[in-house]
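# Geometric and topological summary
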Amino acid sequence: MALKCVAVMGWPDSGRSIASGVVFNGVRNSNGEPRKIFVSLGRFSGPAANQKTGKSSTGNDVPGKLCRNLVSLPKPLTISVTPNDGTQGSPGSFTEDAALKAYPNCETIPCDEFEEAFKAVELWLAEKAILPIENSSGGSIHHNYDLLLRHRLHIVGEVQFVANFCLLALPGIREEKLKCVLSHPQALASSDIVQTQLGVARENIDDTASAAQYVASNGLRDAGVVASARAAEIYGLNILADRIQDDPDNITRFLVLARDPIMPRTDKPFKTSIVFTLDEGPGVLTKALAVFALREINLTKIESRPQKMRALRVVDDSNTGRAKYFDYLFYIDFEASMADPRAQNALGHLQEFATFLRILGCYPMDTSL
C-alpha cells in the first residue's frame, strides 16, 4: 500500500534545530476533492488533551486548533499541514528529494523542529518520519540520536542520498554578474571551490530551497543560489552549472521512522541499529565488539558519545521517561537481520555485560548507490 503521509526533517541550521515536513493525504469532501485541515504543530506542546473537554491532563486548555481538529476527524488522521516559511524540506529541497526517493507519491510540508516531527508520528498525525542522521562530509547529527532514545519510534528504513549541487540564477544572468551566493551553510561549504573561483560573497539561508525562492521572488539579479535542479524548475531559475560540489560522492544518510517496527526478514539485505552502554574498564569495548566478530557480522557504523555528568531522558517500553546517567553511549549499525540467529545470539551475548541495550530498528538496507 502506498504511503500517504510522512514527516520529513532537514539538516539543522547553526544554533537551532530545523525540521521539515509532515505530509498527509486529505479526507475527501462530498465533491471528491481532498479536504485540508491546517494545524500549526509549532503551537502544540505539553500534556495530551482530552478530546471531549479540550483540556490537558493538568486541566489547562490546549493551545491552538489541534484539539478541535482531532475531535472532528476519524482516526487515524489524514491532514495537510501548512508550511512554515524558511524551514527545511521546502519544495525543491534536498530533504524533499530524499523523501521522494523513498516514497515517490508522498507530499512534504515543513515543520518547525525535529522533535515535532517525532510527535507528529506518535500522535498519529503522520505515518512516517524521515530525518538525516549522518553525512559523509559533515558527520553525524547527534541531536537526532538523542531523540531516538527520548522517543519510542522505530527505524524501519534508510535512504542513501547523493545531492547534486547546482549554481542557479535568474534567467539571463551569467556567472560573471554574480556578486553573492545564497544557500544553507553546509551547501555553501560543500561547493567552496566554485565559489572561490567566482570570487563571490556568501550568505547563509535556512535551507537551499528557501534561498532559491528568495532570489526568485525578490528578483535579485546579482545573486546566485546553491540548490537542486528541482528548485530551479520550481522557482523559475536557470542552472548556470551543475555538480559543483567539491566531493562528488557527498552522501547523506536518512532514517525512516514509524510507530511500529517491521518484521525482520532474511530474503534481502537487512541492517540493525542498536545503542548500548558498558561499565568502565580495560578491554570492555573490545569484548563488546567481539560478539559480532565471532559470528562474522559486519559493522557499518560505530560511534561513541560521552555522557558524563549529563542526564539523558530515556523512554522505556511502557512509554515512561526517566533521566539516566551514562558514561558513554555506543551506537552500532551491523549488517544482519534480527531474524538471523547470528544476530540474536550476538545481542544475547552483548546483553550479558552491557548495562543498557536498545534495538533502535531492524530494516532493509538501501543498496541503490
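Calculation notes
Residues numbered from 1 in each chain as written. Predicted model: local features only at pLDDT ≥ 70, side-chain atom pairs only at ≥ 80, totals over all residues. Heavy atoms only, no water. Core = buried A, V, L, I, M, F, W, Y, C linked by side-chain atoms within 4.5 Å. Buried < 20%, exposed > 50% of the residue type's maximum accessible area, 1.4 Å probe, protein only. Contact = heavy atoms within 4.5 Å. Salt bridge = Lys/Arg side-chain N within 4 Å of Asp/Glu carboxyl O. Helix = DSSP H or I, 4+ residues; strand = E, 2+ residues; numbered from the N terminus. Phe/Tyr/Trp six-rings, centres within 6.5 Å; stacked < 30°, edge-to-face > 60°. Lys NZ or Arg CZ within 6 Å of the ring centre and 35° of its normal. Pairing = 2+ DSSP bridges. Axes fitted to C-alpha atoms, helices over the stretch in contact; angles between N-to-C directions. pLDDT = per-residue confidence, 0-100. Polar contact = N/O pair within 3.5 Å; in protein donor to acceptor, adjacent residues only side chain to side chain. Parallel < 35°, antiparallel > 145°, perpendicular 65-115°, else oblique. Left-handed = near helix turned anticlockwise from the far one by under 90°.

### Quick word on the nonpolar core
In this structure, F165, L168, L182, V225 and V226 are the most contacted members of the largest nonpolar core, which totals 42 residues. The contact partners of L168, leaving out residues within four places of it in the chain, are A223, G224, V225, A227, S228, A231, A232, L237, N238 and I239. In this structure, F118, L147, L153 and L257 belong to the second largest nonpolar core, which totals 23 residues.

### Some points on the pattern of salt bridges
Oppositely charged side chains may form a pair once their charged atoms are brought near each other. Under the counting rule described, the total for this entry stands at 14 salt bridges. Here R253 and E134 are joined by a salt bridge, their closest N and O atoms 3.1 Å apart. Within this pair, whereas R253 is found in strand 12 (residues 251-258), its partner E134 is found in strand 4 (residues 128-135), the two being separated by 119 residues in sequence. Of the charged contacts, one joins R174 and E176 as a salt bridge, the two residues approaching to 2.7 Å between their closest N and O atoms.

### Thoughts on the packing of aromatic side chains
Enumeration according to the criterion identifies five aromatic pairs in this entry. Considering the side-chain rings of Y328 and F330, the 6.3 Å spacing of their centres and the 25 degrees angle between planes classify their relative orientation as stacked. Under the relative-accessibility criterion, F330 is labelled buried at 11%. Put simply, the rings of F276, Y328 and F330 pair up and form one aromatic cluster. Lying over the aromatic face of W124, R259 brings its terminal NZ or CZ to 3.8 Å of the ring centre. Sitting over the ring of F353, K287 keeps its end group 4.6 Å from the ring centre.

### Some points on the side chain of T272
Among the structural elements, T272 can be located in strand 13 (residues 270-278). Classification of T272 as buried rests on a relative accessible area of 0%. Ignoring anything within four residues of it in the chain, the contact list for T272 reads I332, D333, F334, A336, S337, M338, I359, G361 and C362.

### Let's talk about the pairing of strand 6 (residues 154-162)
Summarising burial for strand 6: eight of the nine residues are buried, a large majority. In this sheet, strand 12 lies alongside strand 6 in antiparallel orientation, the contact comprising eight bridges. Bridging from a neighbouring strand, Q160 pairs with R253 of strand 12.

### Comments concerning the sheet that holds strand 7 (residues 166-169)
Each strand in a sheet pairs with another by means of backbone hydrogen bonds, the pair being arranged parallel or else antiparallel. Read across the sheet, five strands follow the order 9-8-10-7-11 without closing on themselves; strand pairing throughout is mixed. In this open sheet, the two edge strands, each paired with only one partner strand, are strand 9 (201-204) and strand 11 (238-242). Each strand axis lies, on average, 30 degrees off the axis of its neighbour in the sheet, ignoring direction. Sheet analysis places strand 7 next to strand 11, joined by four bridges and oriented antiparallel.

### Side note on the confidence of the model for the protein
Scored by pLDDT, the protein comes out at a mean of 77, with 69% of its residues at no less than 70. Counting contacts from residues 13-87, a segment whose pLDDT is below 50, to residues more than four positions away or on other chains yields 160 contacts.

### As for the environment of R202
Within the fold, R202 resides in strand 9. Among the residues examined, R202 registers a relative accessible area of 37% and is labelled partly exposed. Put simply, R202 and A223 are 21 residues apart on the chain and 9.5 Å apart in space, counted from C-alpha to C-alpha. Those residues in contact with R202, other than ones at most four positions away along the chain, are V181, L188, D192, Q195 and T196. One polar contact links R202 to D192, side chain to side chain, over a distance of 2.6 Å. Of the polar contacts made by the side chain of R202, one reaches the side chain of Q195; its length is 3.5 Å.

### A few points about the packing of helix 9 (residues 284-293) against helix 10 (residues 341-351)
Packing of helix 9 against helix 10 brings their axes to within 8 Å, and their N-to-C directions diverge by 160 degrees. One way to sum up the angle between helix 9 and helix 10 is to call them roughly antiparallel. Of the two possible hands of crossing, helix 9 and helix 10 adopt the one that is right-handed. On helix 10, the residues touching A288, V291 and F292 of helix 9 are A346, L347, H349 and L350.

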